[in-house]
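Listed below, chain by chain, are the residues.
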Amino acid sequence: MSDSDFGPPTGPFGDGGEQGAARRAAPLPPRRSPLITALVVAGALLLVVATLATFWTEVLWYQSVDFSAVFATQLVAKIVLGIIGGLFTAVVVWSSIHVAYRNRPIYAPSPDTQAMEHYRQLVEPMRRTATVAAPLAIGLFAGLSAATQWDTFLLWRNGTPFGTTDPEFGLDIGFFVFDLPWINFIVSFLTMVLVLGFVAAAFTHYLYGGIVAAQKTRSTQAARVHLSIIAAVLVLVRAVAFWVDRYNLATAQSTRMTGIQYTEAHAVIPTKGILAIAALMCAGMFLSTIWTRSWRLPLVGVAVLAVVVVAVGGIYPALVQSLKVRPSEKSLELPYIERNIEATRQAYGFDDVKVEPYDTLTTASPGQLRNDADTIPGIRLIDPNVVSPTFKQLEASKGYYQFADVLDVDRYNLQGELTDTVIAVRELDLTGVPDGQRNWLNDHTVYTHGYGVVAAKGNTREDDGRPTFFESQIGTSGVLGEYEPRIYFGESSPEYSIVGGEKKEFDYLSEGNQQVTNSYAGAGGVQLDALRRMAYAFKYREINFLLSDAVTNESRLLDHRTPRERVERVAPWLTLDGNAYPVVVDGRVLWVIDGYTTTDMYPYSEMATLDAATSDSVTRTRDSVQAIRAGQINYVRNSVKATVDAYDGTVSLYQWDEEDPILRAWMKIFPDAVKPLSQVKGSLMEHLRYPEDLFKIQRQLLTKYHETDAASFYGGQTFWRVPLDPTRGANAEQSLLQPPYYLSLAMPGQSEPSFSLTSTFMPVGDRNLLTGFLAADGDAGSADGKRAPGYGQLRLLEPTNTTVKGPGQVYNDMRSSQVSSTDSGFGTLAQFISTTALQGAEVTFGNQLTLPVGGGVLYVQPIYVQASGAGAYPRLSAVAVSFGEKIAWAGSLDDALNDLFGGSSGAAAGDQGTDTPVTPGGTPTGTPTGGPSGTPTSPTTSPTTSATTSGPAPSGTPDADALRQALADADAAFRQGEEALREGDFAAYGEAQKRLKEALARAAAAAPTAP
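Notes on the structure in this doc start here.

1. What about the overall build of the protein chain?
Line of reasoning, step 1. A tally of helices and strands in the protein chain yields 28 helices and 34 strands.
Line of reasoning, step 2. Burial analysis of the protein chain (1011 residues in total) assigns 53% to the buried set.
Line of reasoning, step 3. Expressed as a percentage of contacts within the protein chain between residues at least 6 apart in sequence, the contacts between residues at least 24 apart total 68%.
Line of reasoning, step 4. Entry remark: accessible area of the protein chain is about 44500 Å², with carbon and sulfur atoms responsible for 56%.

2. Focus on the sheet that holds strand β12 (residues 496-499)
Line of reasoning, step 1. Read across the open sheet, the three strands follow the order β12-β16-β15; overall the sheet is antiparallel. Pairing within the sheet leaves two strands with one partner each, and these edge strands are β12 and β15 (526-527).
Line of reasoning, step 2. Both β12 and strand β16 (residues 556-559) contribute to a ladder of four bridges, which runs antiparallel. Paired with serine 497 across the bridge in β16 is leucine 558.

3. Observations concerning the nonpolar core
Line of reasoning, step 1. Phe67, Tyr348, Trp573, Leu653, Leu684 and Leu688 are the most contacted members of the largest nonpolar core, which has 130 residues in total.
Line of reasoning, step 2. Looking at this core element by element, the count peaks at 10 residues for helix α7 (residues 173-207).
Line of reasoning, step 3. Apart from the residues within four sequence positions on either side, tyrosine 348 is in contact with Ser605, Glu606, Met607, Ala608, Ile633, Asn634, Tyr635, Val636, Arg637, Ile697, Gln698 and Leu701.
Line of reasoning, step 4. Counting residues in each nonpolar core, the second largest holds 73 residues, with Val446, Leu745, Ala841 and Leu897 among its members.

4. Digging into helix α24 (residues 807-815)
Residues that lie three or four places apart on an α-helix share one face, since the helix turns once every 3.6 residues.
Line of reasoning, step 1. Restricting attention to buried positions, one finds in α24 the residues Pro807, Gly808, Val810, Tyr811 and Met814. Buried residues along α24 cover an arc of 165 degrees about the axis, so they all sit on one side.
Line of reasoning, step 2. Summarising the contacts, the buried residues of α24 are in contact with β27 (754-763), α25 (829-838), β30 (842-845), β32 (858-866), β33 (875-883) and β34 (886-890).

5. Here's the deal with the pairing of strand β13 (residues 505-509)
Line of reasoning, step 1. Most of β13 sits inside the fold, with four of its five residues counted as buried.
Line of reasoning, step 2. One ladder, built from four bridges, connects β13 with strand β14 (residues 515-518); its direction is antiparallel. Bridge pairing in β14 places glutamate 505 opposite asparagine 518.
Line of reasoning, step 3. Taking the residues that link successive antiparallel strands as the turn, the β13-β14 hairpin has five residues, and the phi of asparagine 513 there is positive, at about 60 degrees.

6. Focus on a nonpolar patch on the surface
Line of reasoning, step 1. Taken together, Val309, Val310, Ile315, Leu319 and Leu323 make up a surface patch of nonpolar side chains, about 450 Å² in accessible area.
Line of reasoning, step 2. With respect to the helices and strands, leucine 319 occurs in helix α11 (residues 296-325).
Line of reasoning, step 3. Assessed through its relative accessible area of 41%, leucine 319 is described here as partly exposed.

7. Points about the side chain of serine 877
Line of reasoning, step 1. With respect to the helices and strands, serine 877 occurs in strand β33.
Line of reasoning, step 2. What makes serine 877 buried here is its relative accessible area of 0%.
Line of reasoning, step 3. At a separation of 3.1 Å, a polar atom in the side chain of serine 877 contacts the main-chain carbonyl oxygen of arginine 875.

8. Things to note about the environment of glycine 749
Line of reasoning, step 1. Relative to the elements of secondary structure, glycine 749 occurs in the loop between β26 (741-745) and β27.
Line of reasoning, step 2. Through-space distance from the C-alpha of glycine 749 to that of glutamate 356 is 10.0 Å; in sequence the pair is 393 residues apart.

9. A few points about the environment of tryptophan 56
Line of reasoning, step 1. By secondary structure assignment, the location of tryptophan 56 is in helix α2 (residues 34-64).
Line of reasoning, step 2. It is 9.3 Å that separates the C-alpha atoms of tryptophan 56 and tyrosine 536, two residues lying 480 residues apart in sequence.
Line of reasoning, step 3. Leaving out residues up to four positions away in the same chain, tryptophan 56 has contacts with Leu531, Arg532 and Ala535.

10. Focus on the sheet that holds strand β5 (residues 408-414)
Line of reasoning, step 1. Spatial ordering of the open sheet is given by β5-β6-β9-β10, a layout of four strands whose pairing is antiparallel. Edge positions in the open sheet fall to β5 and β10 (467-471), since each of these has one partner strand only. Strand after strand, the sheet turns through a mean of 45 degrees between neighbouring axes, direction not considered.
Line of reasoning, step 2. On top of the sheet, helix α13 (residues 388-395) reaches β6 (417-425), β9 (453-461) and β10; it is set at about 55 degrees to β10, its chief contact.

11. Quick look at the packing of aromatic side chains
Line of reasoning, step 1. Scanning all chains against the criterion turns up 47 aromatic pairs.
Line of reasoning, step 2. A centroid spacing of 5.9 Å and a plane angle of 50 degrees characterise the contact between phenylalanine 55 and phenylalanine 71, whose relative ring orientation is tilted. In this pair, phenylalanine 55 sits in helix α2 while phenylalanine 71 sits in helix α3 (residues 68-102), placing the two residues 16 residues apart along the sequence.
Line of reasoning, step 3. Classification of phenylalanine 55 as partly exposed rests on a relative accessible area of 41%.
Line of reasoning, step 4. Look at phenylalanine 71 and you get buried, because its relative accessible area is 16%.
Line of reasoning, step 5. When the ring of tyrosine 602 is compared with that of tyrosine 635, the centres are 5.6 Å apart and the planes differ by 10 degrees; the resulting orientation is stacked. Of this pair, tyrosine 602 sits in the loop between β19 (588-599) and β20 (608-609) while tyrosine 635 sits in strand β22 (residues 635-645); the two residues are 33 residues apart in sequence, bridging distant segments of the chain. Taken individually, tyrosine 602 and tyrosine 635 each receive the classification buried, so the pair is uniform in this respect.
Line of reasoning, step 6. An aromatic cluster of at least three residues, connected via ring pairs, comprises Phe153, Trp156, Trp182, Phe185 and Phe189.
Line of reasoning, step 7. One cation-aromatic arrangement involves lysine 641 over tryptophan 656; the distance from NZ or CZ to the ring centre is 5.2 Å.
Line of reasoning, step 8. Sitting above the plane of the tyrosine 581 ring, arginine 689 keeps its charged end 3.8 Å from the centroid.

Conventions used here
- Residues numbered from 1 in each chain as written.
- Predicted model: local features only at pLDDT ≥ 70, side-chain atom pairs only at ≥ 80, totals over all residues.
- Heavy atoms only, no water.
- Helix = DSSP H or I, 4+ residues; strand = E, 2+ residues; numbered from the N terminus.
- Buried < 20%, exposed > 50% of the residue type's maximum accessible area, 1.4 Å probe, protein only.
- Contact = heavy atoms within 4.5 Å.
- Areas by Shrake-Rupley, 256 points an atom, 1.4 Å probe, with all protein chains shown as cover.
- Pairing = 2+ DSSP bridges.
- Core = buried A, V, L, I, M, F, W, Y, C linked by side-chain atoms within 4.5 Å.
- Arc of directions from axis to C-beta.
- Patch = residues over 30% accessible without salt bridge, like charges linked within 9 Å, V, L, I, M, F, W, Y side chains within 5 Å.
- Salt bridge = Lys/Arg side-chain N within 4 Å of Asp/Glu carboxyl O.
- Polar contact = N/O pair within 3.5 Å; in protein donor to acceptor, adjacent residues only side chain to side chain.
- Axes fitted to C-alpha atoms, helices over the stretch in contact; angles between N-to-C directions.
- Phe/Tyr/Trp six-rings, centres within 6.5 Å; stacked < 30°, edge-to-face > 60°.
- Lys NZ or Arg CZ within 6 Å of the ring centre and 35° of its normal.

See below:
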């Protein structure tokens, strides 16, 4: 007898029986390490604490700038939309699963149902969890998607009428801008939710046998009713979508224009209504399955709807377009082109542009600029795109200061006259701090701010080519008077700094190389305490917040410091200009940023791509000025002027466009965020200007929409283009457009100059001719809370002479010009450029300014020279001018204009500096010319020294001695000039050239003449 005959042993000491077998079969659960558990819990706690710390620091930041309501309104709107959208989605998905499961059929096992039995057994252990978890997970993503529409929801709730109706539907524009985006979102969101619900219901029915896929698919009555109801609601939503799509056609794009055209008006809009009715009928067919117990009618309805969509929604409009519209397109489309032109000009704010023909002269005569004597002194010669290295070399003082790579243009009252000014802020540059001094303490508690502004006159220069500074050296008081110079909030400020308390921060080095320190006493930033220090330690992952004795409860933390970022955070509904510029107002340095309200839902208005419209040669090659972020719009207003205090970071938003309905809606949403225009002080008003990016968008649209005749617009022969920047060279990319330029000028019909933003146009194609000149009046005035009447006026001149040269042609003519200056000893402009390059110096053509003066078009081109070697920087060396077919150049604008206009232009530019450009490394052949230091020209033979001689003077005669001495002096001066040039000392070089010129003149006088 074996042991198996008796079975497994049993009893208190045995492991026999079923329970023993189960114990032997079931593996023991692995013991979890307490350390791992503790680490997991600690990690989860750290994640929660870090999230809460980040949230709290956000609250603290908004409190510090007094914009808590903006943060709270956004947060509440996002939470409400997220919860509603997420819960609604989760409920629909859960109900679909729940109803399908509760109505599952009870089948006897069969080959058709047996295949799914295995999957049901796998799902069953986790069914309850999955039934709740899956809807919640889907609802979470849906809620996050809904939360992103917080701005669309708030605008829908607070939208105001535009007061203008669209010509097709007779609805106020506000319906398209405020209501239609929210309706579109609701329709698309419901479609998504219902599709998810239908899929969840169908899958559950299939899993539990409500739908059996065999040789012949069959379903239970409960499954049919359930799915048909969901499908009916889904089709009803699509019926609404078909109807709403009629209104979306008003902003639809085509190859020709934006908005409704003939085919849309006469074919697409009616068919959208037919499709909506067909969808309603299809929904009824889905509901019929409740009584018919068959999918036949719903399938027929879907098939019919598909046929209607293809035939009525696609084929019929295509036939109308090809058979009716195309043969007579011009006559049929003209009314819709007129709508597009009118809406575009209104939406982009150039419907009241003053267009004037300009009878252009092409010949230059003496005294021709007499009637424009007030404009000529406003010609800006200092190019803010070129002189940043000059500012840095002369005014940065130390390596830890920097200037933006593109400086800013403003105007200041100097000795009773408004003067165009190039201005920059001396900002902190941590990369310039010596490596041995780079550590957390220095980076965040010692080097915390920049210091002061530097400003130069825009229309003059010093004798050696440097700008004429009127606000410069650290520690000195200039024309701008006393102001708070410390720049704690700027375009290159560190990520965060800890300031205030007893800790002293570095200011600057005095003349005796003594370190001057200061402790921040402003109200900006967040006051720290123990808990806040801990929160910021989590946010920035920096333990020194807790350990360093430089961080105390008296310290303040400054973060989110760039002007653009601060305005974006307090006004996320604004599109900001790509350039913030500094102004000195009432003893403070303020950053000014233009804010735009935009939409892409203005009916019939042409779409513009923001990054393309605002991109030019400056935004593509410089860092401090950027194109607006990518996106499409068809409406824009400069509705807000924003300022950021450079010392305490205070952000102020001022209502600039009091008529803009979008701004009015946002002011209802955030009632205390935007201050009224009446609160803008006159001292600030003097520095507000026409915004650059708005002007770029408008000029891009005006390349087509300057044409108001629909028939001519249809042909497109009168379309223009914005010129390429000629100073970028022949190989410039097509997208490097010429930037607009600020300068003071009086347009024809204006009694006095105004600070303006200007640009030019050329015809489409290869012709480099001038077809238009656009100027925006940017003088906002100086009255408290009141703009100047002319501010924002656009003026467009259209030359009647079709042979006026364009910017590129003038630039090429200047570079190859064989015209010499009328001053004694000047060479040609082409020689000046080539000789300078041969000597290792670099010639840079500055901003090419175009001015409608003297009855024609005057081009002014400043020319900069930068020697090779360390410490060199661009110096304004000469000015080239062009009028009609004539070109002139000289060391000063005054002399160049006088040369251009036959000896006297009739107006005085008043630019400082000597008249004569010089060329580094010039040879002593001919009569070298003297001029501003570092201002090269080529050597030429002067008329006063070109006389031939029959032989040398008799040795030992007074004339011979004088000649030998003069030649010796000339040789010495030439060698001294060469040495000064190698050392980059243009001032010494200029003095040597003057001595050389004087010596050669003496030599010419002492030389014997032919009998």
